[in-house]
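Each chain, letter by letter, is given below.
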Amino acid sequence: MDCIRICNLEIFGKHGVYEEENKLGQKFLVSADLYFSTRTAGCDDILSESLHYGEVCHFINDFMKDRCYKLIETVAEQLAKELLLRFRKLERVRIEVKKPWAPIGLPLESVSVVIERSWHTAYVALGSNMGEREEYLQNAIQTLEERADCSVERISRFIETEPYGYTEQERFLNGMIELHTLLLPEELLALLQEIEQEAKRERVTKWGPRTLDLDIIFYDDMIIDSVELTVPHADMHNRGFVLEPLAQIAPNVRHPVLNQTVAQLLEKLESKQQ
């Protein structure tokens, strides 16, 4: 991926764990690698198609001067987030915050924190079979859309489906969204569970009735298998109510384990059911 690199931007800030650091301040050096496609700007020589690195430098300077954090870890984390939110051409950033005069009582050149942060693409399945089903789904989408660190890019049509697993219950309304997010997988899972709780989701019977069900189906091309989270969703290839709306918005996304596209998985499932 293309990159504009800002090296050792000198800024005076008041970050540190000691009171005198917060009052007197000190010099920091900030470096930023800004990842995005420079192709159009490079071919057409148009500044508006690129990132104005002067504006980025002034943004970093104002950010560092206007805030006061104890940890340079926090400085780096919040700066990366704000850059990705402010400059929407950015896909990924690498930030180094360097503290040349770290007060540790020993001679050293500097101490620094280096992090990389980026936008991610997740596909989230939505389902409801209690009460105002469509309202529950729409409210969940709106809650995600209203967050600065999430952007709902595409929404499938809602489809009505028969219950899966536990069949003695009402029919479901299901859908799928493509979500761009700064949240890590576990953070996104926690957010989705909060939204479910706001909809008064109760976990009584496995695969039982629910006001709202939100599941991470894909997260980039990552493979996750932890106690809390499995991605890709373990049983998605057997679920028409997942594959059908997913195929509406992402037919060519490839399952990183099964190595088949969503369209291929849906076709295979439909043939099997016939």
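Residues numbered from 1 in each chain as written. Predicted model: local features only at pLDDT ≥ 70, side-chain atom pairs only at ≥ 80, totals over all residues. Heavy atoms only, no water.

**A short note on the environment of serine 112**
Note the following rule: Going along the chain from the N terminus, every DSSP run of H or I of four or more residues is numbered as a helix, and every run of E of two or more is numbered as a strand. The contact definition used throughout considers only heavy atoms, calling two residues in contact when any of these lie within 4.5 Å. Residues adjacent in sequence count toward polar contacts only when both atoms are side-chain atoms; beyond that, a polar contact is any pair of N or O atoms within 3.5 Å, and within protein one must be able to donate a hydrogen and the other to accept it.
Among the structural elements, serine 112 can be located in strand β4 (residues 111-118). Separated by 77 residues in the primary sequence, serine 112 and tyrosine 35 have C-alpha atoms spaced 21 Å apart. Residues contacting serine 112, with those up to four places away along its chain left out, are Ile72, Glu96, Val97 and Lys98. In terms of polar contacts, serine 112 uses its side chain to reach the side chain of glutamate 96, at 2.8 Å.

**Here's the deal with the packing of helix α3 (residues 53-66) against helix α4 (residues 72-86)**
The line we're drawing: Here, axes are lines fitted to C-alpha atoms. For helices the fit covers the stretch in contact, and angles between N-to-C directions go from 0 to 180 degrees. Just so you know how the angles are binned, under 35 degrees is roughly parallel, over 145 roughly antiparallel, 65 to 115 roughly perpendicular, and the rest oblique. Here a crossing is taken to be left-handed if its near helix is turned anticlockwise relative to the far helix by less than a right angle, and right-handed if that turn runs clockwise. Gly falls in the polar group here, along with every residue not listed as nonpolar (Ala, Val, Leu, Ile, Met, Phe, Trp, Tyr, Cys, Pro) or charged (Asp, Glu, Lys, Arg).
With their axes 11 Å apart at the nearest point, α3 and α4 run at an angle of 140° to one another. Considering their axes alone, α3 and α4 lie oblique with respect to each other. By crossing handedness, the relation of α3 to α4 is classed as right-handed. Between α3 and α4, the residues in contact are Val56, Phe59, Ile60, Phe63 and Met64 and Val75, Gln78, Leu79, Glu82, Leu83 and Arg86, respectively. A per-class count over the contact of α3 with α4 returns 8 nonpolar, 1 polar and 2 charged.

**Concerning the pairing of strand β8 (residues 172-181)**
Note the threshold: Buried, partly exposed and exposed residues are distinguished by accessible area as a fraction of the type maximum, computed with a 1.4 Å probe on protein chains only: under 20%, between the cut-offs, and over 50%, respectively. Two strands pair if DSSP finds at least two bridges between them.
Of all 10 residues making up β8, 9 are buried, and the element is well covered by its neighbours. Here strand β5 (residues 120-128) runs beside β8; their pairing, made up of 9 bridges, is antiparallel. Bridge pairing in β8 places valine 124 opposite isoleucine 177. Inspection of the sheet shows strand β6 (residues 150-155) paired to β8 by 5 bridges, in the antiparallel sense. In the strand pairing of β8, arginine 154 is matched with glutamate 178. Note that strand β7 (residues 159-161) and β8 share 3 bridges and pair antiparallel. Across the sheet, threonine 161 pairs through a bridge with phenylalanine 172, a residue of β8.

**Comments concerning the pattern of salt bridges**
Which entries qualify depends on this criterion: When a carboxyl oxygen of Asp or Glu lies within 4 Å of a side-chain nitrogen of Lys or Arg, that pair is called a salt bridge.
Enumeration according to the criterion identifies 12 salt bridges in this entry. Among the ionic pairs, lysine 23 bridges to glutamate 19, the shortest N-O distance being 2.8 Å. Of this pair, lysine 23 and glutamate 19 both sit in helix α1 (residues 19-24), 4 residues apart, which is roughly one turn of the helix. A single burial state applies to lysine 23 and to glutamate 19, both of which are exposed. Here arginine 147 and aspartate 149 are joined by a salt bridge, their closest N and O atoms 2.9 Å apart.

**A word on the sheet that holds strand β3 (residues 92-99)**
Read across the open sheet, the 4 strands follow the order β1-β2-β3-β4; overall the sheet is antiparallel. Whereas interior strands pair on both sides, the edge strands pair on one side only; in this sheet they are β1 (3-13) and β4. On average, each strand axis in the sheet is inclined to that of its neighbour by 15°, with strand direction left out of account. Pairing of strand β2 (residues 26-35) with β3 involves 7 bridges; the strand directions are antiparallel. Within β3, the position partnered with serine 31 by the bridge is glutamate 96. Most of the contacts of α4 go to β4, to which it runs at about 30°, and overall it touches β2, β3 and β4.

**Topic: the packing of aromatic side chains**
Which entries qualify depends on this criterion: Only Phe, Tyr and Trp rings take part, Trp by its six-membered ring, and two of them pair if their centres are within 6.5 Å. Stacked means planes under 30 degrees apart, edge-to-face means over 60, and tilted covers everything else. Ring-over charges, as used throughout, are those where CZ of Arg or NZ of Lys falls within 6 Å of the ring centre and within 35 degrees of the ring normal.
What the rule picks out here adds up to 3 aromatic pairs. For the ring pair phenylalanine 59 and phenylalanine 87, a centre distance of 5.6 Å and an interplane angle of 80° mean the geometry is edge-to-face. Placement of phenylalanine 59 in helix α3 and of phenylalanine 87 in the loop between α4 and β3 is noted, with a sequence separation of 28 residues between them. Sitting over the ring of phenylalanine 87, arginine 86 keeps its end group 4.8 Å from the ring centre. Geometry around tyrosine 35 places arginine 92 over its ring, the cationic atom sitting 3.9 Å from the centre.

Purely geometric numbers; function is a separate question.
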